[in-house]
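So you can see what is in the structure, the chains are spelled out below.
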Amino acid sequence: MALSDFYRTTVGKKVVMALSGAILVGFVFAHMAGNLKFFSGINPATGSYKFDEYGCFLRQFGSEIFGYSGFLWLARIVLLLALVAHAISGISLARLNRLAKPVVSQGARYSSANAASRSMIYGGLFLLLFIIYHILHLTTGTLHFRGFVEGSVYANVYNGFLSFPVAFFYIFSMICLALHLYHGAWSMFQTVGLTSSLWDSRLKLYARIFAYVIFLGFCSLPIGVWVGAVAKPNADVKVVICQ
Amino acid sequence: MNFKLKIWRQKLGNSQGFFSDYLISNIDPDTSFLEMLDILNEQLVIQGEDPVAFEHDCREGICGSCSMTINGRPHGPNRLTTACQLKMRSFADGAEIVIEPWRAKAFPIVKDLVTDRSAFDRIQQAGGYVSVNTGAACDANTIPVEKESADLSFYAASCIGCGACVAACPNGSAMLFTAAKVAQLSLLPQGAPERSHRAIAMVERMDQENFGGCTNHGECQAACPKDISIRFISDLNREFITAQAKKIYGKRASRRS
């Protein structure tokens, strides 16, 4: 079949990487932007944390069509498929690339490859582990160990990041993510042939700015907790009843 | 000038290779790199040793034969030059110079610094041509060609197929070579009818020849003696995607009539 012929080539695999990567890039940006609600405090109208309300909003979003949390699950399925496609094609490409270069020149010097482009596979594999941990930490609460309460998003995040190893691991993972994006966010345009002389250097710059924005946005949460920029979760604040 | 050379010696493709040290002295600073190797070989022959096998032909940077990695860089330390255009004055007196063949699975070593780069020929044969009827040559400018396209095609055509891109690439990928060869023809009206077949056939052949995939490091363009840009790779990707889309969707339309 034509589609499998396409995937069999290295370029086809790369296109799969780029398209699934684009979905994941979109998600990462939306996730980061949503996370900033962590700093928005209590909603005076309802007396609940705005961050908790945002969590509820994500479950209720599109419920007229998909039912309660239906859209959220749809998004999760799409993201999971994108992640699986990204990982499988990435690992298979890395294998092919390694086989194609069995011997490296003595003192091979790189002039344009950088830490980001050289670490894509390692950073990617690490991020895969991080994603599994992150879901078990803040979505299911399985690895939270600090009084995880479903729906109390603000308290869960705050208490989660109070643990220094957790915050450190999180920030380290965000360094990996930013490095991955530093190369990947530009690379995906090159792979689908959307670079041109006009775009090229600007696109690289935008991708790099994007990586920094994502890094700072995500890291602002654990840092905010540690420097005391956000208030300790208050037990008197009303819990959002989400349905 | 005096140099300490560390050269990769390998009797045959399947034999074990190793680095051998040679001292060479009284080299004029304006000697070319290949002339320096010639001088070394003369000395080796006099000493009854096996001379170092290396490829060379035009010695003016247009044939793409002189494939060797010098101090970890294909064609040596200078930009936009081939090994034959490199002069010994580019090195410090007494410097150690490491000389190796291209390193890539797709370029097996034949002997010493000589690699078999026929994989490039087979990529070219897969689709790097235009089919034209023979007969009297048609008048010049019979087919109008856009100036921008003609210039870009000329630029792509300046690829000499030396293989430095593959040697420089951490993945041993031949995307820059293939992209240049595809662009050179597909940019012109004469190359348009076969463009879909060309993009698919050349990429598939490239993969079959055990070249790696492109991860956009940009090492190839940095090493290219002809300054071929990785924008051609972006163009090849687009060309390939379009060709595949035509293959998948084009058939349906044609069967309806």
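Above this text you will find the structure in question.
Throughout what follows, the structure given in this document is the object of discussion. All of these numbers come straight from a predicted model, not from anything done at the bench.

When you go through chain A residue by residue, the secondary structure sums to 10 helices and two strands. Taking the principal axes of its C-alpha atoms as reference, chain A extends roughly 65 × 45 × 40 Å. Sorting the 243 residues of chain A into buried and exposed places 41% on the buried side. Considering only contacts within chain A whose residues lie at least 6 apart along the sequence, 72% involve residues at least 24 apart. For chain A, the distance from the average site of its 18 positive side-chain charges to the average site of its 7 negative ones is 17 Å.

This next bit is on the pairing of strand β5 (residues 96-100) of chain B. In regular strands, side chains alternate between the two faces of the sheet. Residue and element names in this part refer to chain B. Burial analysis of β5 places four of its five residues in the buried class, the great majority of the element. Sheet topology places strand β1 (residues 3-9) next to β5; four bridges connect them, and they run parallel. Its bridge partner lying in β5, K4 is registered against E96. The pairing of strand β3 (residues 69-70) with β5 spans two bridges and is antiparallel. Note that in β5 the partner of T69 across the bridge is E100.

Our focus in this paragraph is the pattern of salt bridges. Applying the stated rule across the entire model yields 16 salt bridges over all chains. Across the pair A:D5 and B:K247 runs a salt bridge, and its minimum N-O distance is 3.8 Å. With A:D5 in helix α1 (residues 2-8) and B:K247 in helix α8 (residues 231-255), this pair bridges two chains. By sharing partners, the salt bridges in this structure join A:D5, A:R8 and B:K247 into a single network.

Contacts between the two partners involve 43 residues from chain A and, on the opposite side, 45 residues from chain B. Carbon and sulfur atoms supply 52% of the area that chain A and chain B bury against each other, a total of about 3,400 Å² over both sides. Considering only the surface of chain A that becomes buried against chain B, A:K101, A:Q106 and A:Q190 emerge as the three largest contributors, covering 17% of it. Between the two partners, chain A and chain B, sit one salt bridge.

Our next topic: the sheet that holds β5(B). Residues and elements named next belong to chain B. On the basis of which strands lie adjacent, the open sheet formed by five strands has the order β2-β1-β5-β3-β4 and mixed pairing. Either end of the sheet is taken by a strand with one partner, and the two such strands are β2 (18-24) and β4 (73-74). Here seven bridges tie β1 to β2, and the two strands are oriented antiparallel to one another. Looking at β2, one finds that K6 is bridged to D21. Helix-sheet contacts for helix α1 (residues 33-46) involve β1, β2, β3 and β5, and the interaxial angle to β2 is about 90 degrees.

With that out of the way, let us pick up the environment of B:D93. All names here are of chain B. With respect to the element layout, D93 can be found in the loop between β4 and β5. D93 gets classed as exposed once you look at its relative accessible area, which sits at 53%. Remark: the alpha-carbon pair of D93 and L5, spanning 88 residues in sequence, is separated by 12 Å. Those residues in contact with D93, other than ones at most four positions away along the chain, are M1 and N2. For D93, the side chain forms a polar contact with the main-chain nitrogen of N2, separated by 2.7 Å.

All right, on to the nonpolar core then. What tends to happen in soluble globular proteins is that the nonpolar side chains get buried as a cluster. In this structure, A:F38, B:F120 and B:F211 are the most contacted members of the largest nonpolar core, which totals 78 residues. At 10 residues, the largest contribution of residues to this core is made by helix α9 (residues 164-191) of chain A.

Residues and elements named next belong to chain A. One pass over the structure, following the stated rule, counts one disulfide over all chains. Disulfide pairing is shown between C56 and C242; the S-S distance is 2.2 Å. Handedness here is read from the sign of the S-S torsion; for C56 and C242, about 95 degrees, the answer is right-handed. Taken together, the residues C56 in helix α3 (residues 50-60) and C242 in the segment after α10 (200-227) connect sequence positions 186 residues apart. Of the residues examined, C56 reaches a relative accessible area of 7% and is grouped as buried. Classification of C242 as partly exposed rests on a relative accessible area of 25%.

All names here are of chain A. Relative orientation of the contacting elements helix α2 (residues 10-35) and helix α5 (residues 70-100) amounts to 140 degrees, with a least axis distance of 8 Å. The pairing of α2 with α5 is recorded here as oblique in orientation. Both α2 and α5 take part in a crossing whose hand is left-handed. In contact with T10, K13, K14, V16, M17, S20, G21, I23, L24 and F27 of α2, α5 contributes V78, L79, A82, L83, A85, H86, S89, G90, S92, L93 and L96. Residue composition of the contact of α2 with α5, by class: 12 nonpolar, seven polar and two charged.

Residue and element names in this part refer to chain B. Over its 14 residues, helix α6 (residues 195-208) extends 20 Å from the first C-alpha to the last, a length consistent with the 20 Å expected when each residue adds 1.5 Å. Three or more residues of α6 are buried, namely R198, A199, I200, A201, M202, V203, M206 and D207. Positive backbone phi, approximately 70 degrees, marks N210, located one or two places after α6.

Basis of the calculations
- Residues numbered from 1 in each chain as written.
- Chains lettered and ligands numbered in written order.
- Predicted model: local features only at pLDDT ≥ 70, side-chain atom pairs only at ≥ 80, totals over all residues.
- Heavy atoms only, no water.
- Helix = DSSP H or I, 4+ residues; strand = E, 2+ residues; numbered from the N terminus.
- Buried < 20%, exposed > 50% of the residue type's maximum accessible area, 1.4 Å probe, protein only.
- Contact = heavy atoms within 4.5 Å.
- Lys, Arg positive; Asp, Glu negative; His and termini not counted.
- Charge placed at Lys NZ, Arg CZ, Asp CG, Glu CD.
- Pairing = 2+ DSSP bridges.
- Salt bridge = Lys/Arg side-chain N within 4 Å of Asp/Glu carboxyl O.
- Buried area = accessible area lost by both parts, 1.4 Å probe.
- Axes fitted to C-alpha atoms, helices over the stretch in contact; angles between N-to-C directions.
- Polar contact = N/O pair within 3.5 Å; in protein donor to acceptor, adjacent residues only side chain to side chain.
- Core = buried A, V, L, I, M, F, W, Y, C linked by side-chain atoms within 4.5 Å.
- Disulfide = S-S within 2.5 Å.
- Parallel < 35°, antiparallel > 145°, perpendicular 65-115°, else oblique.
- Left-handed = near helix turned anticlockwise from the far one by under 90°.
- Nonpolar A, V, L, I, M, F, W, Y, C, P; charged D, E, K, R; others polar.
- Expected span 1.5 Å × (residues − 1).

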